[in-house]
Amino acid sequence: MNDIKISDSIVYIGCNDYDIDLFESQYVVPNGMAYNSYVILDEKIAVMDTADQRVTEKWFSNLESALSGKAPDYLVIHHLEPDHAGNIKNFIEKYPDATLVGNAKIFSMLGQFFELPESVNKLTVKEGDELSLGSHTLSFYMAPMVHWPEVMVSFENSEGVLFSADGFGKFGTLDTDEDWACEARRYYFNICGKYGVQVQALLKKAATLDIKTICPLHGPILKENLGYYIDLYNTWSTYTPENKGVLVAYASIHGNTRKAAELLGKTLEELGAEKVVVSDLAREDMAEVIEDAFRYDRMIVMAPTYDAGVFPVMEDFLRHLKAKNYNSRKVGIVENGSWAPMAGKVMRGILDEMKNITYCDTTVTIKSSLKADSTEALKALAKEMA
Ligand code: FEO
């Protein structure tokens, strides 16, 4: 079925999705996506979440193989988003005697997604409740807004396994050989970035548990060096910059703002900035640029004026940052305008809605293309930011 081993009694039954074009209809996933799901085999058998309807057939095949003809006693629902909950109704139709395990919020929302028979067995759990399966015992911890309000995680006490829902997840199928942090960071900031406070609350609960393995709903099962992953989650959820560096995020219509962005990037490097990333918002994956905005401690935004406002892709970028709770960074602003420059004012207005943003003293206005005066202003901005 698969070669992912968690333990003798905890079996992986998740599925890789190699064909998905956009996860959540918005995020490019060049290496696909994994919908993780698990079975705990004991005197009682618990299935830990289902999987997306994109992989229904494969998921049931994995489940049946893990069950070896037995019937499951429980389906534990940690999160109702359809990438995990998509097969709850199919599961209950196949195993009508099984009991759904969820919290009150899960059961209050469940009917919005599926019409289940009145007779379905339900076990409502709350913070700290335990469910014994035999030699395994699950403890439940509520994790609201990591990433939806009904989310909970569970901890299997005998083997030290945390079923962490979306937490510690990552884009990419499980057979993708790539750096964990890169795609976990892009996943985190774009999906959970807004909810740092709630992630912190979950990390505080997790700190009281003797965790040996983390089984997330996406991405690889984490068994070693757990401090590395937990430290990164601490950094990300407190909005602490992970690295020193400058993101230059630009939009350009005909190439003049792009030339200024490239010159600014080169100047920053010459001045010794620790790391410089220059990103074209119109052409690069915006989720990646959002990730970099949170990753580094400084950012310069550069855009032309358009329709007496700012070029749309920059407005979209800044609105995304605001929605994801971008805060506590130093920002520089460069605008371009051929007759009535407005982009700087509009960008500043959106940035002012975010918390604890400090601005460079230098702001730069380019009139159509770089000239001696605007080139000098750009260098002054680079000196402030390097
Ligand atoms: Fe992977 Fe929030 O669902």
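Calculation notes
Residues numbered from 1 in each chain as written. Predicted model: local features only at pLDDT ≥ 70, side-chain atom pairs only at ≥ 80, totals over all residues. Heavy atoms only, no water. Domains from an automatic or database assignment. Contact = heavy atoms within 4.5 Å. Buried area = accessible area lost by both parts, 1.4 Å probe. Salt bridge = Lys/Arg side-chain N within 4 Å of Asp/Glu carboxyl O. Pairing = 2+ DSSP bridges. Helix = DSSP H or I, 4+ residues; strand = E, 2+ residues; numbered from the N terminus. Axes fitted to C-alpha atoms, helices over the stretch in contact; angles between N-to-C directions. Polar contact = N/O pair within 3.5 Å; in protein donor to acceptor, adjacent residues only side chain to side chain.

Which parts of the structure should I look at to understand the domain arrangement of the protein?
How big an interface is tends to be expressed through the accessible area that disappears when the partners come together. Here the protein is partitioned into domain 1 (10-237) and domain 2 (243-385). Each of domain 1 and domain 2 has a C-alpha centre, and the two are 38 Å apart. Taken together, the contacts link 9 residues of domain 1 with 10 residues of domain 2. Summing both partners gives a buried area of about 960 Å² for domain 1 against domain 2, and 51% of it is carried by carbon and sulfur. At the surface where domain 1 touches domain 2, the tally comes to 2 salt bridges. The salt bridge involving arginine 185 is made with glutamate 291; its shortest N-O contact spans 2.9 Å.

Which parts of the structure should I look at to understand the sheet that holds strand S15 (residues 213-215)?
Each strand in a sheet pairs with another by means of backbone hydrogen bonds, the pair being arranged parallel or else antiparallel. Pairing in this open sheet of 5 strands is mixed, and the strands run S11-S12-S13-S14-S15 from one edge to the other. Strand pairing shows two members of the sheet lacking a second neighbour, strand S11 (130-132) and S15, which therefore form its edges. On average, each strand axis in the sheet is inclined to that of its neighbour by 20 degrees, with strand direction left out of account. Sheet topology note: the strand S14 (residues 161-163)/S15 ladder contains 3 bridges and is parallel. Among the inter-strand pairings, phenylalanine 163 is bridged to a residue of S15, identified as cysteine 215.

For this particular structure, what's the right way to read the side chain of aspartate 166?
Assignment of secondary structure puts aspartate 166 in the loop between S14 and helix H5 (180-192). Within the structure, aspartate 166 has its side chain in polar contact with the side chain of histidine 218 (distance 3.4 Å). Those residues in contact with aspartate 166, other than ones at most four positions away along the chain, are His79, Glu81, His84, His147, Tyr187, Leu217, His218 and Tyr233.

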